[in-house]
Structure formats: C-alpha cells, structure tokens
Amino acid sequence: MEQPTNRVFSGVQPTGNLHLGNYLGAIRNFVGLQETHECIYCVVDMHAITVWQDPKELAHNTREVAAAYIAAGVDAEKQVIFNQSKVSAHGELTWVLNCVARMGWLNRMTQFKEKAGKNRENASVGLYDYPVLMAADILAYRATHVPVGDDQKQHLELARDIAQKFNNDFAAFGGEEFFPLPEPLIMGAATRVMSLRDGSKKMSKSDPSDMSRITLTDSADDIAKKIRKARTDPEPLPSELEGLKERAEADNLVGIYAALADMTKEAVLQEHGGSQFSSFKPALAELANEKLSPITGEMARLMEDTAYIDSVLKSGGERADAIAQPILAKVKEIVGFV
Ligand code: AQP
C-alpha cells in the first residue's frame, strides 16, 4: 500500500461560535496548504457530541463550518470536505487504537482536565477518549501533516505515540512503519489567539462572554465594538518585541494584527510602536473587518444554499471513505481480524 508523503488532515468541531482563533490557528492555514498538499478537511461532528449538543444546532453548525472552509478559500472539488460521522472508519479505527493507547497517556491530557473541570466523574467517556478519536481521524488516512492551533499540540503528540506503539506492537505482523508519525503544522503569528477579555485564557467557542471573541458571523460594528472594549493596559505599544513581555493583552492584539496583515509582530511594532490603544484599536478593527467581511459574506450566502453544502459533504464523504476503507482493511488484517 503506497504511503503518501504530503497528505494533510485537519478538522474543526461544529460547536457554534466559530471564531478568529479557529480561523487564524487553523482554517486560514488550510487554504495555503492546498497548493502543495492533498488535503482532507473534516467537520468533526463526532468530537462535538463529547459535550451534549442540540441536534438541530449541530446540523446547522456542521453546515456552517463547511461553509467557513469554502468561504475561506478551500476548493471543495479539488480537496475533500466532509463531516466525520459519514465515514465509519473513524469510529472503527478508534476502537483498535483504544486498545493501543494507555490510560496513563490519556490521564495526562490537559484539555480533558480543563473541559471536565472539577466534575470529572460526570464528564462523558467520549470526552476522555477524544484524543484517541483524533488520532484515528488522522491515521485513518495515514495523513502526514496536521495544521492545528497551538492548543492541539499535546493531542498531536499523543497521536504520534499511538501510531508508534501500533507500529511496534504489530511490527512482526505487517505493522512496521504502517502508520506515518503525523507532523503538527502550527503556523503564523497567532497560533494561540487569546480571549479579548482575559489575555491569560484562549479565545474559545464556549466562553460565556460573546465579547471575548470575534466570530466569523460578526458584523463590522460587532468587530469594532469588541476590539474597542478589548481589555488592554494604559501603556502605549512598545517598539520592540521585548516590550510585550508581561503584557498578555497587548501581545494578543499585536499577534492578531500581524496574522491578519501577514506580517511579523516585529514589523507591526515598527509601524505602531509608541501608539496608544485609542489609535491602534481602530486600525486593528479596520484590518479585521477588511479580512473577515468577505468570508462572513460568502458564508452567509452559502448558508442560504444548504443543498449545495450537503452535496459537498456527501461527495467529500464518499471520497474520504474511499481513502480510509483500504487503510482500515489493512489494519484489521494486521491485528488479526478475519
Ligand atoms: N484560540 C485559538 N487560537 C488559535 N487556534 C485555535 N483553535 C481553537 N482555538 C484557538 C484551533 O482551531 C481548530 C479547531 O478547534 P476545535 O473547534 O476543534 O476545538 P477547540 O480547541 O475546542 O475550539 P474552541 O474554540 O476552544 O472550543 P471550546 O470552547 O469548546 O474549547 C484547532 O486546530 C484548534 O487548535
């Protein structure tokens, strides 16, 4: 079985409130990679239900994430866009990998600790097992590269450990080097966009405050208001990177500006060093609106045509299935399923 050298897999959960962090940390990078890689972009609905989702909203949000991929510039014909639950290999491979992954490894996952919080006994088994499903998502396609935000680094390392252990455990049975060790691609100046209300917390879909995030459905007025009210300190911007240390909120806004303008943070500070936030924030709001409004507009247009989105997901699901099934069949043969 031929191993591709440039196959990308990534996904976003359809849990609503798609935000600037999801865009800069992940979706935007999906677009550039299609020039050089074969790309499989998934709407990970099976991950979403690890926390209860309203079924009607889940369906809406699934289409919305697909619309965001297309609106951002992913070519739905050349690349594969689909929702995870359409391809049974994700669930089937998860079971095999559940038997390879170790409890000790999962117990170290910080995302589970954060999401389960104090009430760990009441978290779903799925939430605990989330990283194994994520490993299966990637390995079902023997993907080599995975563009993600910085927060997913630990899960990617786990996916590599699981792939390596599978290869070792079954080395004598055709498993040697069967799974490539997927490389994380953590790209750009804003790999971890922080909350606009608290520079120590990442921008997140589930933050109760809508003011903490810029979403991909926000209007120009929403964006301007959220940036104007973003928490900052009273100092002007520094001219050197060094001056952003211990200034998480300022660092975050400079990082967002740099990522949106395709500049380095150093270059942003050369231009805006010495400025007060009263002048930097409107410049940032204008830039954010300039970059996001075409995507927001196109997403809204696509969401009017759900038949088209559903046809993209269906065709993507069939193409994804055709890639995953032979890999899954080989896994079954390697582990001895008859
Ligand atoms: N703040 C962020 N900065 C940069 N990248 C981010 N990503 C998420 N938040 C940031 C990246 O977006 C991709 C999709 O994420 P996801 O929807 O699958 O999962 P998530 O990390 O749980 O997203 P949220 O928004 O933070 O949701 P909640 O509130 O449920 O925790 C991933 O590549 C992720 O790294």
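Residues numbered from 1 in each chain as written. Predicted model: local features only at pLDDT ≥ 70, side-chain atom pairs only at ≥ 80, totals over all residues. Heavy atoms only, no water.

What am I meant to see in the overall build of the chain here?
Secondary structure summary: the chain contains 13 helices and 5 strands in total. Computed over its C-alpha atoms, the radius of gyration of the chain comes to 21 Å, within 12% of the 20 Å expected for a compact globule of 338 residues. On the principal axes, the C-alpha backbone points of the chain span a range of 70 × 45 × 40 Å. Scored against the burial criterion, the 338 residues of the chain give a buried share of 52%. Nonlocal contacts in the chain, meaning residues at least 24 apart in sequence, comprise 77% of its contacts between residues at least 6 apart. Accessible surface for the chain amounts to roughly 15,600 Å². Of this, 50% is attributable to carbon and sulfur atoms. Separation between the mean location of the 37 positive side-chain charges and that of the 47 negative ones in the chain comes to 4 Å. (Helix = DSSP H or I, 4+ residues; strand = E, 2+ residues; numbered from the N terminus. Rg over C-alpha atoms; globule rule 2.2 N^0.38 Å. Buried < 20%, exposed > 50% of the residue type's maximum accessible area, 1.4 Å probe, protein only. Contact = heavy atoms within 4.5 Å. Areas by Shrake-Rupley, 256 points an atom, 1.4 Å probe, with all protein chains shown as cover. Lys, Arg positive; Asp, Glu negative; His and termini not counted. Charge placed at Lys NZ, Arg CZ, Asp CG, Glu CD.)

Explain the packing of aromatic side chains to me, please; I cannot follow it from the model alone.
Two aromatic rings are characterised by how far apart their centres lie and by the angle between their planes. All chains considered together, the criterion is met by 11 aromatic pairs. Through successive ring pairs, a cluster of aromatic residues spans Phe166, Phe170, Phe178 and Phe179. Above the plane of the ring of phenylalanine 178 lies arginine 142, whose end atom (NZ or CZ) is 4.3 Å from the centre. (Phe/Tyr/Trp six-rings, centres within 6.5 Å; stacked < 30°, edge-to-face > 60°. Lys NZ or Arg CZ within 6 Å of the ring centre and 35° of its normal.)

Where do I start with the pattern of salt bridges in this structure?
Two side chains of opposite charge can pair, provided their charged atoms sit close to one another. Applying the stated criterion across every chain, the model contains 19 salt bridges. The salt bridge involving lysine 201 is made with aspartate 207; its shortest N-O contact spans 3.6 Å. Residue classification places lysine 201 among the partly exposed residues on the basis of a relative accessible area of 41%. Overlapping salt bridges, with partners in common, bring together Asp210, Arg213, Asp218 and Lys226 in one network. (Salt bridge = Lys/Arg side-chain N within 4 Å of Asp/Glu carboxyl O.)

Looking at this structure, I do not really get the site of the ligand. What am I missing?
Every one of the 21 residues lining the ligand counts as a neighbour, but Asp151, Lys202, Ser204, Lys205 and Ser206 are closest to it. Valine 193 places a polar main-chain atom, nitrogen or oxygen, 2.8 Å from a nitrogen atom of the ligand. Interatomic distance of 2.4 Å between a side-chain N/O atom of lysine 202 and an oxygen atom of the ligand. Protein chains shield 95% of the accessible area of the ligand, which is 650 Å² for the free molecule. (Near = heavy atom within 4 Å. Polar contact = N/O pair within 3.5 Å; in protein donor to acceptor, adjacent residues only side chain to side chain.)

Would you take a moment to explain the domain arrangement of the chain for this structure?
Many authors give the size of an interface as the accessible area that is lost as the parts come together. The domain architecture assigned to the chain consists of domain 1 (7–191 + 306–335) and domain 2 (210–300). Each of domain 1 and domain 2 has a C-alpha centre, and the two are 30 Å apart. Taken together, the 14 residues of domain 1 in the interface contact 16 residues of domain 2. For the pair domain 1 and domain 2, the two sides together bury roughly 1,400 Å², of which 75% comes from carbon and sulfur. Between the two partners, domain 1 and domain 2, sit 0 salt bridges. Counting every contact that joins domain 1 to domain 2 gives 3 residue pairs in polar contact (both at pLDDT 80 or more). (Domains from an automatic or database assignment. Buried area = accessible area lost by both parts, 1.4 Å probe.)

What's the story with helix 8 (residues 153–169) in this structure? I'm lost.
Given 3.6 residues per turn, any residue in an α-helix points the same way as the ones three and four places further on. Between its first and last C-alpha, helix 8 extends 24 Å over 17 residues, near the 24 Å set by a 1.5 Å rise per residue. Among the residues of helix 8, His155, Leu156, Leu158, Ala159, Ile162, Ala163, Lys165, Phe166 and Asn167 are the ones counted as buried. (Expected span 1.5 Å × (residues − 1).)

Before we go on, may I ask you to explain the state of the cysteines in this structure?
What makes a disulfide is a covalent bond joining the sulfur atoms belonging to two cysteines. Under the definition given, this model contains 0 disulfides. In this structure cysteine 39 is a free cysteine whose sulfur lies 13 Å from that of cysteine 42, the closest cysteine sulfur available. A residue is classified by how much of its surface remains accessible, and cysteine 42, at 0% relative accessible area, is buried. (Disulfide = S-S within 2.5 Å.)

Hey, could you run me through the pairing of strand 3 (residues 80–83) in this one?
Both faces of the sheet carry side chains from a regular strand, because those side chains alternate between them. On strand 3, burial covers both faces: Val80 and Phe82 on one face and Ile81 and Asn83 on the other are all buried. When strand 2 (residues 38–43) meets strand 3, the two strands line up parallel, connected through 4 bridges. Note that in strand 3 the partner of isoleucine 40 across the bridge is valine 80. (Pairing = 2+ DSSP bridges.)

Before we go on, may I ask you to explain the layout of surface pockets in this structure?
Considering only enclosed or pocket space, the largest pocket measures out at about 1,300 Å³ in volume. Gln13, Gln111, Lys115, Asp151 and Lys202 are the residues nearest the centre of the largest pocket, which is lined by 50 residues in total. Of all elements in the fold, only strand 1 (7–12), helix 1 (20–33), helix 2 (45–48), helix 3 (55–72), helix 6 (110–116), helix 7 (125–139) and strand 4 (145–147) reach the threshold of two or more residues within the lining of the largest pocket. Grouping the constituent residues of the lining of the largest pocket by class yields 18 nonpolar, 22 polar and 10 charged. (1 Å grid on protein atoms, 1.4 Å probe; cavity = no way out; pocket = protein on both sides within 12 Å on 5 of 7 lines; lining within 4 Å. Points joined across faces, edges and corners; volume = space filled by probe spheres on them. Nonpolar A, V, L, I, M, F, W, Y, C, P; charged D, E, K, R; others polar.)

In this structure, what is going on with the pairing of strand 2? I would like to understand it.
Most of strand 2 sits inside the fold, with 5 of its 6 residues counted as buried. Pairing geometry for strand 1 and strand 2, over 6 bridges, is parallel. Bridging across to strand 2, valine 12 finds its partner in valine 43. Crossover handedness for the path strand 1 to helix 1 to strand 2: right-handed. (Right-handed = clockwise from strand over helix to strand, strands pointing away.)

Just checking my understanding: could you explain the side chain of glutamine 84 for this structure?
Inspection of the secondary structure puts glutamine 84 in the loop between strand 3 and helix 4 (89–98). Among the polar contacts listed, one links the side chain of glutamine 84 to the side chain of aspartate 137, at a separation of 2.9 Å. In contact with glutamine 84, other than residues within four places in its own chain, are Cys42, Val43, Val44, Asp45, Met46, His47, His90, Leu133 and Asp137.

Just to check I follow, could you spell out helix 10 (residues 248–261) for this structure?
Here helix 10 spans 20 Å end to end across 14 residues, near enough to the 20 Å set by a 1.5 Å rise per residue. Residues of helix 10 that are buried include every one of Glu249, Ala250, Asn252, Leu253, Val254, Gly255, Ile256, Tyr257, Ala258, Ala259 and Leu260, and no others. Along its buried surface, helix 10 packs onto helix 1, helix 11 (265–272) and helix 12 (277–303). Of the residues one or two after helix 10, aspartate 262 is the one with positive phi, at around 55 degrees.

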